[in-house]
Amino acid sequence: MDVPELLTERTVLTALAALAVLGMFVLLCRSRRVSTSVEDAMLTALHHVTGAAPFLRAGMTQESADKTAPHLRELLSCVAVGVVDADATLLSWDGDANQHYADLRGKIEVTLRDGKREYIDHTDLLCDQRPCLMRYGVVVPLEVSGEIRGALVIISGGDRKRLLRAASEVAHHVSTHLELAELQESKEKLAHAEVRALRAQISPHFIYNALNTISSQIRNDPEQARDLLMEFADFTRYSFRSTGLYTTLADEIRNIDRYLILERARFGPDRLKVQLKIAPEVLPVVVPFLALQPLVENAVRHGLATKPGGGTVSVVAEDRGSEALISVDDDGIGMDPNRLDAELANAHLTGAHVGLGNINNRMRATFGDDYGLVVETAENAGMKVIMRVPKFAPGVLPLPVAAFDEPAPGASAQPSR
C-alpha cells in the first residue's frame, strides 16, 4: 500500500470517528435530565472525546491506556473503565469496583477469543461489599482490520440498556483511533523505507570516485586531500544518519555543497561549474530528508558527466510568501519528456530515476498532492526540477542537530567550515 492510499484510508477512518462522536453526543444528550442543556452535553462529550484521541493514537500501550481510561470513564459517566490488551493483560483501570476484576477474567478471555461482547450482572457475582457501586458490566472487543487488539471493560451503576449502547459506541470510537495509529505507523515505516532506498541510490561509483580522487591528492596536495576527506566524512555521516525523516533546507544545502566540492575535485572546476543562490529567509524551511542531494546528483551524473566540456548545475531557493520555491537546474544533455515519463512509470522495475520518483512521492505524501515535483526537460536542453515547500506543515519537524551532529565519545569535534 503506498502513501496516497494510506492517507485516503486515514481520511475515511477519521470521518468514521467523527460520526461515532456524533452518535455518542446523541446518546449522552438523551440520557441527561431535562434541565441539562443539549449544548452542555455536547460540549462535555466533545471535551472527553478530544481529550482521549491523542493518547489513542499512540496505540495499545500502558501509558496510552492510563491516559485514555479517565477520559472514557468521564465520557460514559460510569463507575470504572478498564483497558486490556490482546494478551488479556490489564493495562489500566480507572475507577472503583476493581475487586471484581478477577470475576471478569473469564468474560474478558471469551471476548478476546471470540470477538463478541460479554455482559455481566452484579447479582450473578459473589460480593460481600455493601454497598457495591457496580450493577452491570460489559466487556467489548477492540477490533482493528479484522483482528482483536484488546478489550474495554466498562462497569456501570446505572441503566443496563444505556450501558450496552454506549459501550458499543465507545469501543467503535477507540478501535477507529487504534486503526489510525496503525496506519500512521505504516506510513512512517514506508517513509523510512523510502529514505533507505534513497541512501542505496547514492552511487557506489560516487563513493569509489571520491575516495580515488582523495587518494590521488595525498602525494601532490596533502592539505587538499585532508580537506576533501573531511568533506567526504561529513557527507556520508549526514546522508547515512539513522534517524529523522525531515531536516532543514540549510542542512540539505550544506550537504549539497559537500557533494559538489567532491565532484568538482574529480571533474575539475572548469568541467563542473556550480551556482548556489539561496534566500536567507528560507533556510529554516523544513524539507524531507535527502530531498535535494539526489536531484543534484542526477543533474551531475545524467546531465553533465557525458556532456563534452561539462556544464553548470544551479540550485536556487526563493522566498515566495508562505512557501519556498526550490529548483535544481543543469544545462546538460537533457532528455525527451515522453521517455522520462515512461522511465518514471517503470522505475520500480528498472531502477531508472528512482530518486526522482521517490522524492516526488515523499513530497506529495508530506505536504499534499499539490506539492509534487515539476520537471522541465528536452533533448539537448538540460533539465530543471522544481519543488514548492510550505513554510509550515503540521507534524513536519526537523531532527534536532544534536541528535546526529554530536561527535562520538572519545572523538574530537572539528570546527565547521
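Attention here is on the structure that accompanies the text. (Residues numbered from 1 in each chain as written. Predicted model: local features only at pLDDT ≥ 70, side-chain atom pairs only at ≥ 80, totals over all residues. Heavy atoms only, no water.)

### Overview of the sheet that holds strand 9 (residues 311-320)
A sheet is described by the order of its strands in space; here 5 strands give the open sequence 7-9-10-12-11, paired in mixed fashion. If you trace the sheet from one side to the other, it starts and ends with strand 7 (272-278) and strand 11 (374-377), each paired once. Across the sheet, the axes of successive neighbouring strands diverge by a mean angle of 10°, strand direction being ignored. The pairing of strand 11 with strand 12 (residues 383-390) spans 4 bridges and is classified as antiparallel. In the sheet register, V375 faces strand 12, and the bridge partner there is V385. (Pairing = 2+ DSSP bridges. Helix = DSSP H or I, 4+ residues; strand = E, 2+ residues; numbered from the N terminus. Axes fitted to C-alpha atoms, helices over the stretch in contact; angles between N-to-C directions.)

### Re the state of the cysteines
One pass over the structure, following the stated rule, counts 0 disulfides. In this model C127 remains outside any disulfide bridge; the closest cysteine sulfur is found in C132, 3.9 Å from its own. Looking at C127, the relative accessible area reads 14%, which means it is buried. (Disulfide = S-S within 2.5 Å. Buried < 20%, exposed > 50% of the residue type's maximum accessible area, 1.4 Å probe, protein only.)

### Observations regarding the packing of helix 7 (residues 222-239) against helix 8 (residues 249-267)
Packed helices, taken two at a time, are described by the angle their axes make and the gap between the axes. At a minimum axis separation of 9 Å, helix 7 and helix 8 run at an interaxial angle of 135°. In terms of their interaxial angle, helix 7 and helix 8 are classed as oblique. Relative to helix 8, helix 7 is oriented so that their crossing is left-handed. Residues L228, E231, F232, D234, F235, Y238 and S239 of helix 7 pack against D251, E252, N255, R258, Y259, I261, L262 and A265 of helix 8. Its residues placed into classes, the contact of helix 7 with helix 8 shows 8 nonpolar, 2 polar and 5 charged. (Parallel < 35°, antiparallel > 145°, perpendicular 65-115°, else oblique. Left-handed = near helix turned anticlockwise from the far one by under 90°. Contact = heavy atoms within 4.5 Å. Nonpolar A, V, L, I, M, F, W, Y, C, P; charged D, E, K, R; others polar.)

### Thoughts on the environment of I253
Of note, I253 is situated in helix 8. Judged by relative accessible area, I253 falls into the buried class, the value being 10%. For I253 and L276, which are 23 residues apart along the polypeptide, the C-alpha to C-alpha distance reads 8.8 Å. Other than its neighbours up to four places away in sequence, I253 contacts I278, L292 and V315.

### Focus on the sheet that holds strand 3 (residues 118-121)
As summarised here, the arrangement of the 5 strands in space is 2-1-5-4-3, forming an open sheet in which the pairing is antiparallel. Of all the strands in the sheet, just strand 2 (90-95) and strand 3 have a single pairing partner and so form its edges. Each strand of the sheet is rotated relative to its neighbour by a mean of 15°, with strand direction disregarded. By the bridge criterion, 6 bridges tie strand 1 (residues 80-85) to strand 5 (residues 147-156) in an arrangement that is antiparallel. Bridge pairing in strand 5 links A80 to I155. Helix 3 (residues 62-76) contacts strand 1, strand 2 and strand 5 of the sheet and is inclined by roughly 35° relative to strand 2. Sheet strands in contact with helix 4 (residues 101-114) are strand 1, strand 2, strand 3, strand 4 (136-144) and strand 5, and its direction is about 145° off that of strand 5.

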